[in-house]
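Listed below are the residues making up each chain.
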Amino acid sequence: MTIGSKPRRGLEATRNGGMIHGDAQGDAQMAQTETEKDGAKVAKRILVADDDESIRSLLATLLSAEGYEISEVKSGQEVLRAVPQVDPDLLVLDLRLPDMDGIEILRRLRGQEQNVAVLMLTAFGTASTAIEATKLGAQDYLSKPFEIDDVLLRVNRVFELQSLASEVRKLRHQLDARDLSERMIGNTRKMQEIYKTIGMIAQSDANVLVTGETGAGKEVVADTIHFHSNYRQGPLVKVNLTALPETLVESELFGHEKGSFTNAIAQRKGRFEMAHKGTIFLDEIGDMTLSTQRKLLRVLQDKQFERVGGSVPVKVDCRIIAATNKNLKEEVDAGRFREDLYYRLNVVTIFVPPLRERKDDIPRLVEHFLTKFRYTPKSPPARIAEEAMQTLISYDWPGNVRQLEHTVERAVIMARGGVITSQHLRLDDTEELSFVDINQRLQRGESLPQVVADVEQKMLGRALERNGGNRHAASRLLGIDIATLEQKLSEHGMGAKSRTEDVDGEQ
Ligand SMILES: Nc1ncnc2c1ncn2[C@@H]1O[C@H](COP(=O)(O)OP(=O)(O)OP(=O)(O)O)[C@@H](O)[C@H]1O
Ligand SMILES: [Mg+2]
């Protein structure tokens, strides 16, 4: 039967006669009508939005007979209100509602970060609306008039695609996990200790504090914990607290309600909400203000918080991993870090030792980076001369593994795919900054500010170089904040405005 041309009522027995209802497929489809919410199996919810009463009730009867839970609305405003409330698994949306067209509704839903699956109903199946609708994330569309079987087929297909997508996500996570356990290199006793700790805490939900110098591998540890934990199927959300302007930190972490401040044009989910059932990695936790610290403490205690400008408590369940290269205990003693928060975060601490204290790992790391960085995509891994390896082993690596990685990457290019020797390694030439040199320049008549400026410029250049151009890491290495670094760089004419950096972290 055809729906939507002329209002025709009654379900008739169409669904049993349709070709897609063979036995085997029938079973498969029933399995798709349930979904897992908070561990319990519940019927999938479908929100039907059409101003035509007959279509609405037909779809409702049809789909609830299939085992879906149906809600109905008849205007665009109602859709926008109902979606967050009903939280449907699928929205069947008429393209032409009296108050708003479907494309506009889709656009607004996306603006509210409502990622509900959408099946568009349209009487005007033109390519452009179809394209527009799919661009805005509609999974499929149906032109009126349509066949009942076609409705069922498409609804079921949306759900099949959804479960396929989540299967793919799971698989990808598992692959990532395998990649990652191979990505954390190191076999020294100190690294073995870290693996043991990770193994011990992986199955718990204890908060973890990861400490260590810049470039030592704190983020790698956080990744590894996540992918070995009970939360590995969930997201791993990273927030770099220094990368964010102070005013945005809380909205980034906790989200905000529409209109809570000038730029808050729509409600927005914070990182904590995104990390639900997963892991949140709070990088550079030592840089948080006391007011943000207070809010964070509440999340740790009550597993809930309010969005900025909101009053409804939002519940989250996620594992928290925090990292810092500051000595947090000292920050506590100096009154810059809350003691109660410190003890909450610090249920388990993993200290990642600097590379100079685990030099036996250097050859393995070098091999790893030689495999990672090829001269051309088709080149075999470059080889390294024994004397060059010795140079790498005897160097002290103030920028730790990151600096080693960067040095190897550059050496591969310098050696043009051939054997790497010491001449391809650029490690710091400390001579250049020696006190003798500075003295000589002063004696030659240069002024102190001139020499100091020159030294500063060199240090800035090196810090950036050691950190592969990463300004946040460079500022930490220099012990200054990012704003000071930016200011100094521009004073020295070194570099354009800050490049945009992903708040997810730095590579
Ligand atoms: N054990 C390791 N095996 C392989 N690669 C590593 C290891 N440790 C660190 N790296 C690599 O070194 C770089 C720096 O590591 P990471 O970002 O984890 O350092 P970090 O301690 O978080 O530094 P920062 O304090 O500057 O943020 C990354 O590219 C990472 O992949
Ligand atoms: Mg880091």
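An account of the accompanying structure is given in this report. Numbers given for residues are sequential positions, taken from 1 along each chain in its written order. Each chain gets a letter, beginning with A, and each ligand a number, beginning with 1, in the order they are written. A pLDDT threshold of at least 70 governs which residues receive local features in this predicted model, and a stricter bar of 80 or more applies before side-chain atom pairs are shown or counted, although totals over entire chains, interfaces and linings include all residues. Excluded from the side-chain calculation are hydrogens and water; included are all heavy atoms of the structure.

1. Describing the nonpolar core
Alright, step 1. By convention a nonpolar core is built from buried Ala, Val, Leu, Ile, Met, Phe, Trp, Tyr and Cys residues, the set being connected through side-chain atoms within 4.5 Å. Burial classes follow relative accessibility: with a 1.4 Å probe on protein chains only, a residue under 20% of its type's maximum area counts as buried, one over 50% as exposed, and anything between as partly exposed. Of all hydrophobic cores here, the largest spans 30 residues; its most connected members are Phe272, Leu282, Ile285 and Phe337.
Alright, step 2. The helix and strand labels rest on DSSP assignments: H or I over at least four residues marks a helix, E over at least two residues marks a strand, and numbering proceeds from the N terminus. At the level of secondary structure, the elements contributing two or more residues to this core comprise β11 (236-240), α10 (246-254), β14 (279-283), α12 (290-302), β17 (319-324), α13 (328-333) and α14 (339-345).
Alright, step 3. Considering each element in turn, this core owes the most residues, 4 residues, to α12.
Alright, step 4. Contacts: residue pairs with any heavy atoms within 4.5 Å of one another. When sequence neighbours within four positions are dropped, the list of residues in contact with Phe272 reads Leu253, Phe254, Ile280, Leu282, Leu296, Val299, Phe305, Val316, Cys318 and Ile320.

2. Description of the pattern of salt bridges
Alright, step 1. Salt bridges are defined by distance alone: a side-chain nitrogen of Lys or Arg within 4 Å of a carboxyl oxygen of Asp or Glu. Applying the stated criterion across every chain yields a total of 30 salt bridges.
Alright, step 2. A salt bridge links Arg157 to Asp140, with the shortest nitrogen-to-oxygen separation between them at 2.8 Å. Taken as a pair, Arg157 in helix α7 (residues 148-183) and Asp140 in strand β8 (residues 140-143) lie far apart in primary sequence, 17 residues in all.
Alright, step 3. The exposure class assigned to Arg157 is partly exposed, which follows from its relative accessible area of 39%.
Alright, step 4. Residue Asp140 is classed as buried on the basis of its relative accessible area, which comes to 12%.
Alright, step 5. The shortest N-O distance in the salt bridge between Glu284 and Arg476 comes to 3.2 Å. Of the two residues, Glu284 is situated in the loop between β14 and α12 and Arg476 in helix α20 (residues 471-478); the sequence distance between them amounts to 192 residues.
Alright, step 6. Bridged by salt links that share partners, the residues Asp140, Asp150, Arg154 and Arg157 form one connected network.

3. Section: the site of ligand 1
Alright, step 1. Here, proximity means that at least one heavy atom of the residue falls within 4 Å of the molecule or strand. The environment of ligand 1 is made up of 22 residues, and the closest members are Ile185, Thr214, Gly215, Lys218 and Glu405.
Alright, step 2. Between Thr214 and ligand 1, the recorded distance is 2.5 Å, taken from a side-chain N or O atom to an oxygen atom.
Alright, step 3. Taking Gly217, its main chain carries an N or O atom lying 3.0 Å from an oxygen atom of ligand 1.
Alright, step 4. Here the accessible surface of atoms and residues is derived via Shrake-Rupley with a 1.4 Å probe, and residues count as covered only by protein chains that are part of the display. Taking 620 Å² as the accessible area of ligand 1 by itself, protein coverage stands at 97%. Pairs of N or O atoms are called polar contacts if they sit within 3.5 Å, as long as, within protein, a hydrogen donor faces a hydrogen acceptor (for residues adjacent in sequence, only side-chain-to-side-chain pairs).

4. Some remarks on helix α17 (residues 400-414)
Alright, step 1. With 15 residues, α17 extends 21 Å from end C-alpha to end C-alpha; this agrees with the ideal 21 Å at 1.5 Å per step.
Alright, step 2. When we look at burial in α17, the residues that qualify are Asn400, Val401, Gln403, Leu404, Glu405, Thr407, Val408, Arg410, Ala411 and Val412.
Alright, step 3. Just downstream of α17 lies Arg416, where phi reads positive at about 45°. An expected span of 1.5 Å times one less than the residue number is assigned to each helix.

5. Comments concerning the sheet that holds strand β4 (residues 45-49)
Backbone-to-backbone hydrogen bonds join strands into a sheet, with any given pair of strands oriented parallel or antiparallel.
Alright, step 1. Strand pairing is defined by DSSP finding a minimum of two bridges between the two strands. The sheet built from 5 strands is open, its strands ordered β5-β4-β6-β7-β8 with parallel pairing. The sheet is open, and its two borders are formed by β5 (69-73) and β8, each paired with just one other strand. In this sheet, adjacent strand axes meet at a mean angle of 20° when their direction is disregarded.
Alright, step 2. Note that strand β6 (residues 90-94) and strand β7 (residues 117-122) share 5 bridges and pair parallel. From the neighbouring strand, Leu93 faces β7, where its bridge partner is Met120.
Alright, step 3. Together, β4, β5, β6 and β7 form the strand contacts of helix α3 (residues 53-65), whose direction differs from that of β5 by roughly 170°. Only the contacting stretch of a helix is used when fitting its axis, a line to C-alpha atoms as for every element, and angles between N-to-C directions run 0 to 180 degrees.

6. Observations regarding the packing of α10 against α12
Alright, step 1. Interhelical geometry of α10 versus α12 gives an angle of 10° and a closest axis separation of 10 Å. By the angle between their directions, the pair α10 and α12 is classed as roughly parallel. Remark: the crossing between α10 and α12 carries left-handed chirality. The segment α10 lies against α12, with Val249, Glu250, Leu253 and Phe254 engaging Ser291, Thr292, Lys295, Leu296 and Val299.
Alright, step 2. As a working rule, the residues Ala, Val, Leu, Ile, Met, Phe, Trp, Tyr, Cys and Pro are called nonpolar, Asp, Glu, Lys and Arg charged, and the rest polar, with Gly in that last group. Class assignment for the residues of the contact of α10 with α12 results in 5 nonpolar, 2 polar and 2 charged. Any angle between 65 and 115 degrees counts as roughly perpendicular, while under 35 counts as roughly parallel, over 145 as roughly antiparallel, and the rest as oblique. Take the far helix as your reference; a near helix turned counterclockwise from it by less than a right angle gives a left-handed crossing, and one turned clockwise gives a right-handed crossing.

7. Examining the sheet that holds β11
Alright, step 1. Read across the open sheet, the 5 strands follow the order β11-β14-β17-β10-β18; overall the sheet is parallel. Both edges of this open sheet fall to β11 and β18 (348-351), since each of them pairs with a single strand only. Sheet twist, expressed as the mean angle between neighbouring strand axes with direction ignored, is 20°.
Alright, step 2. Examined bridge by bridge, strand β10 (residues 208-211) and β17 share 4 bridges and lie parallel to one another. The partner of Val208 across the bridge, within β17, is Ile321.
Alright, step 3. Here helix α8 (residues 189-202) sits on the sheet in contact with β10, β17 and β18, set at roughly 155° to β18.

8. Quick notes on the environment of Leu460
Alright, step 1. By the secondary structure assignment, Leu460 is in helix α19 (residues 448-466).
Alright, step 2. Given a relative accessible area of 2%, Leu460 falls into the buried group.
Alright, step 3. C-alpha of Leu460 to C-alpha of Ser475: the two residues are 15 residues apart in sequence and 8.6 Å apart in space.

9. Some thoughts on the packing of aromatic side chains
Alright, step 1. Aromatic rings from Phe, Tyr and Trp, with only the six-membered ring used for Trp, were paired whenever their centres fell within 6.5 Å, and each pair was classed as stacked if the ring planes differed by under 30 degrees, edge-to-face if by over 60, and tilted otherwise. Applying the stated criterion to the full structure yields 7 aromatic pairs.
Alright, step 2. Where Phe272 meets Phe305, the ring centres are 6.0 Å apart and the plane angle is 50°; that geometry is what we call tilted. Residue Phe272 is found in helix α11 (residues 271-274), and its partner Phe305 is found in strand β15 (residues 304-306); the two are separated by 33 residues along the sequence. Across this residue pair, the class does not change: Phe272 and Phe305 are buried.
Alright, step 3. Ring pairs connect the aromatic residues Phe254, Phe272 and Phe305, which therefore count as one cluster.

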